[in-house]
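Structure assessment
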Amino acid sequence: QVQLVEYGGGLVQPGGSLRLSCLASGSFFQLDTMAWYRRAPGKEREYVAQMTKSGFIHHTESVKDRFTISRDNAKNTVDLQMDRLQPEDTAVYYCKAVSTDTPGGRPQEHWGQGTQVTVSL
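Let me begin by describing the structure that accompanies this report. Worth saying up front: this structure is predicted, and the values here are computed from it rather than measured.

1. Observations regarding the environment of Val-5
The residue Val-5 is located in strand E1 (residues 2-7) in this model. For the pair Val-5 and Ser-25, spaced 20 residues apart in sequence, the C-alpha separation works out to 8.6 Å. The contacts of Val-5, once residues within four sequence positions are left out, are Ser-21, Cys-22 and Leu-23.

In structure tokens:
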């Protein structure tokens, strides 16, 4: 079983920055893709960015010039650096990880509880 805990949310003014971190713990053979999603008030959860264990990175179009995903495979962490934040970035941000329990095993998805990011004056 994998547990994900997010850190770093809070209140920030428009144009400001925040850095989110997600720590994976528990029992697993390997973490493959780690990703960030968000759910804005009254909206569906949406994909933000992902990074594979081998280093492939992708950011959704709306954040690619402002947000940067990174990860430390040795520490089982994934971060999201968010710059030039705007009110429309206000959301609960969720960490997701895909793990396997054995070499070549079935991939399993895990989600954190989320951390609130509020962008407001």
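There is more to say, and it comes next.
2. Comments concerning the sheet that holds strand E8 (residues 77-82)
Here 4 strands make up an open sheet; going across it, the order is E1-E3-E8-E7 and the pairing antiparallel. At either margin of the open sheet sits one strand with a lone partner, and together these are E1 and strand E7 (67-72). The mean inter-strand angle of the sheet, taken between neighbouring strand axes irrespective of direction, is 15°. Pairing between E7 and E8: 6 bridges, direction antiparallel. The residue of E8 that forms the bridge with Phe-67 is Met-82.

Rules and cut-offs
Residues numbered from 1 in each chain as written. Predicted model: local features only at pLDDT ≥ 70, side-chain atom pairs only at ≥ 80, totals over all residues. Heavy atoms only, no water. Helix = DSSP H or I, 4+ residues; strand = E, 2+ residues; numbered from the N terminus. Contact = heavy atoms within 4.5 Å. Pairing = 2+ DSSP bridges. Axes fitted to C-alpha atoms, helices over the stretch in contact; angles between N-to-C directions.

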